[in-house]
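Listed here are the chains, written in short residue letters.
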Amino acid sequence: MGRQAMVAGNWKMNGLPQNNSELLKALAQKDFAQLSCALVVCPPTVFLSQVGNELPAEFKLGAQNVSAQAQGAHTGEVSADMLKSVGCEYGLVGHSERRQMHHESNSDVAEKTLALLQQGITPIVCVGETLSEREADATMTVVLQQLKAVARVLSTEQLAKIIVAYEPVWAIGTGMTATPEQAQQVHASIRGWLREQIGEQSDNITILYGGSVKGSNAAELFAQEDIDGGLIGGASLNADEFFQICQAAG
Ligand code: PEP
């Protein structure tokens, strides 16, 4: 299989210039060069340039959000070409915190995904169910609704370029992790659905798991057939823990 393993750190709304430098220096002490997985950090927008300048060579830069609009009267928003101009190669879209706290709909997420692709930035499309949706046996219905909205606005060629992050909402920042079996089941279903859309190219799509991944549970999650690495929140702010997670991705 040709797909790329990856670990992406989502710093969320954490950090100030000095903390960022300290964290990046601590990361630079680690031997990331021995790893073959792709490595991404997504700092707050205001620090993209700083982090881009100080990032160890093995890492790529990612954004946490993007506007669906290209330019104009959208106060406070940042467009995909602006992200590209500061060196972003990846961008998160549809993180559950944005869906829940900023009321982003499935079609908003789809438009943002398209905006990134049009600038040559790889979207990391976050999908996942809430606890009540899981308990109602609606996990795959919800996840596929989220993905179908994205697929509707993309060509087959564009769809083949996305990364998917399965992040059960109940596991994000809660310390509750999906079991490897629970996560694998959803990942396999996502890949099965992608195969129906784009055929064998789906084998090359990286599908990340996110939700309270730590150094201690990363290896068993990433050992699953369809889990190609992780999207890491809290644990990406600690260089030792983050390195341990990246080592688990290989
Ligand atoms: C995230 O923010 O995408 C995430 C998975 O957070 P955490 O690892 O803290 O659960």
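Everything numeric in this text was worked out from a predicted model, so none of it was measured.

### As for the site of the ligand
Move 1: Residues in contact with the ligand amount to 15 residues; listed here are only the nearest, Ile 172, Gly 173, Gly 210, Gly 233 and Gly 234.
Move 2: Grouping the amino acids of the shell around the ligand by side-chain chemistry returns five nonpolar, eight polar and two charged.

### Considering the UniProt feature "binding site: substrate" (unreviewed entry) in the protein
Move 1: The sites that UniProt annotates as "binding site: substrate" (unreviewed entry) are Asn 10, Trp 11, Lys 12, Gly 173, Ser 212, Gly 233 and Gly 234. What stands out for the annotated residues spanning 225 residues is how close their C-alpha atoms remain, the widest pair being 13.8 Å apart.
Move 2: Relative to the helices and strands, Trp 11 resides in the loop between strand E1 (6-10) and helix H1 (17-28).
Move 3: Once residues lying within four places of it in the same chain are set aside, the contact partners of Trp 11 are Val 41, Cys 42, Pro 43, Pro 44, Ser 236 and Leu 237.
Move 4: Lys 12 gets classed as partly exposed once you count the C-beta atoms within 10 Å, which come to 18.

### What about unusual backbone geometry?
Move 1: Its identity as a non-glycine residue notwithstanding, His 103 has a phi of 55°, on the positive side.
Move 2: Along the chain, His 103 falls in the loop between helix H4 (96-101) and helix H5 (106-118).
Move 3: Backbone geometry places Ser 212, a non-glycine residue, at a positive phi of 55°.
Move 4: Residue placement: Ser 212 occurs in the loop between strand E7 (207-210) and helix H10 (218-222).

### Focus: the pairing of strand E8 (residues 229-232)
Move 1: Residues Gly 229 and Leu 231 point to one face of E8 and Gly 230 and Ile 232 to the other, with burial holding for every one of them.
Move 2: Two strands pair when backbone bridges link them, and E7 and E8 are joined in this way by two bridges, in the parallel orientation. Note that in E8 the partner of Tyr 209 across the bridge is Gly 230.

### Description of H1
Move 1: The first and last C-alpha atoms of H1 sit 16 Å apart over 12 residues, in line with the 16 Å expected at 1.5 Å per residue.
Move 2: For H1, every residue scored as buried is listed here: Asn 20, Leu 23, Leu 24 and Leu 27. Axial view of H1: buried residues confined to an arc of 95°, hence all on one face. Residues Gln 18, Glu 22 and Lys 25 are exposed on H1 and point more than 90 degrees away from its buried face.
Move 3: Considering only its buried residues, H1 is in contact with helix H2 (48-54) and helix H11 (239-249).

### Topic: the UniProt feature "active site" (unreviewed entry) in the protein
Move 1: The UniProt feature table records "active site" (unreviewed entry) at His 95 and Glu 167. The annotated residues occupy 73 residues of the chain but converge on a single region, no pair of C-alpha atoms lying more than 8.3 Å apart.
Move 2: Checked against the element boundaries, His 95 lands in the loop between strand E4 (88-93) and H4.
Move 3: If we ignore the near neighbours within four places in the chain, the residues touching His 95 are Gln 64 and Cys 126.
Move 4: Take Glu 167: it is sitting in the loop between strand E6 (163-166) and helix H9 (180-198).

### As for the packing of helix H7 (residues 139-153) against H9
Move 1: Following both chains from N to C, one finds H7 and H9 inclined at 35°, their axes separated by 11 Å at the closest point. Both H7 and H9 take part in a crossing whose hand is right-handed. In this structure, H7 uses Thr 139, Met 140, Val 143, Leu 144, Leu 147 and Ala 151 to contact H9, whose residues at the interface are Val 186, Ser 189, Ile 190, Trp 193 and Gln 197.
Move 2: A class-by-class count of the residues in the contact of H7 with H9 yields eight nonpolar, three polar and no charged.

### Structural notes on the confidence of the model for the protein
Move 1: Counting all residues, the mean pLDDT for the protein is 97, and 100% of those residues have values of 70 or more.
Move 2: Prediction confidence for the complex, expressed as pTM and ipTM, is 0.97 and 0.97 respectively.

### A short note on the sheet that holds E1
Across a sheet, paired strands are connected by hydrogen bonds in the backbone, their directions being either parallel or antiparallel.
Move 1: Ordered by their spatial adjacency, eight strands build a closed barrel running E1-E2-E3-E4-E5-E6-E7-E8, and the pairing between neighbours is parallel. Within the sheet, the average angular offset between the axes of one strand and its neighbour, ignoring direction, is 25°.
Move 2: Bridging between strand E2 (residues 38-42) and strand E3 (residues 59-63) involves three bridges; their strand directions are parallel. Bridge pairing in E3 links Val 40 to Lys 60.

What counts, and where the lines are drawn
- Residues numbered from 1 in each chain as written.
- Predicted model: local features only at pLDDT ≥ 70, side-chain atom pairs only at ≥ 80, totals over all residues.
- Near = placed C-beta within 6 Å.
- Nonpolar A, V, L, I, M, F, W, Y, C, P; charged D, E, K, R; others polar.
- UniProt positions renumbered as here; feature names shortened; annotations may be inferred.
- Helix = DSSP H or I, 4+ residues; strand = E, 2+ residues; numbered from the N terminus.
- Contact = placed C-beta atoms within 7 Å.
- Buried ≥ 20, exposed ≤ 12 C-beta atoms within 10 Å, placed from the backbone.
- Pairing = 2+ DSSP bridges.
- Expected span 1.5 Å × (residues − 1).
- Arc of directions from axis to C-beta.
- Axes fitted to C-alpha atoms, helices over the stretch in contact; angles between N-to-C directions.
- Left-handed = near helix turned anticlockwise from the far one by under 90°.
- pLDDT = per-residue confidence, 0-100.

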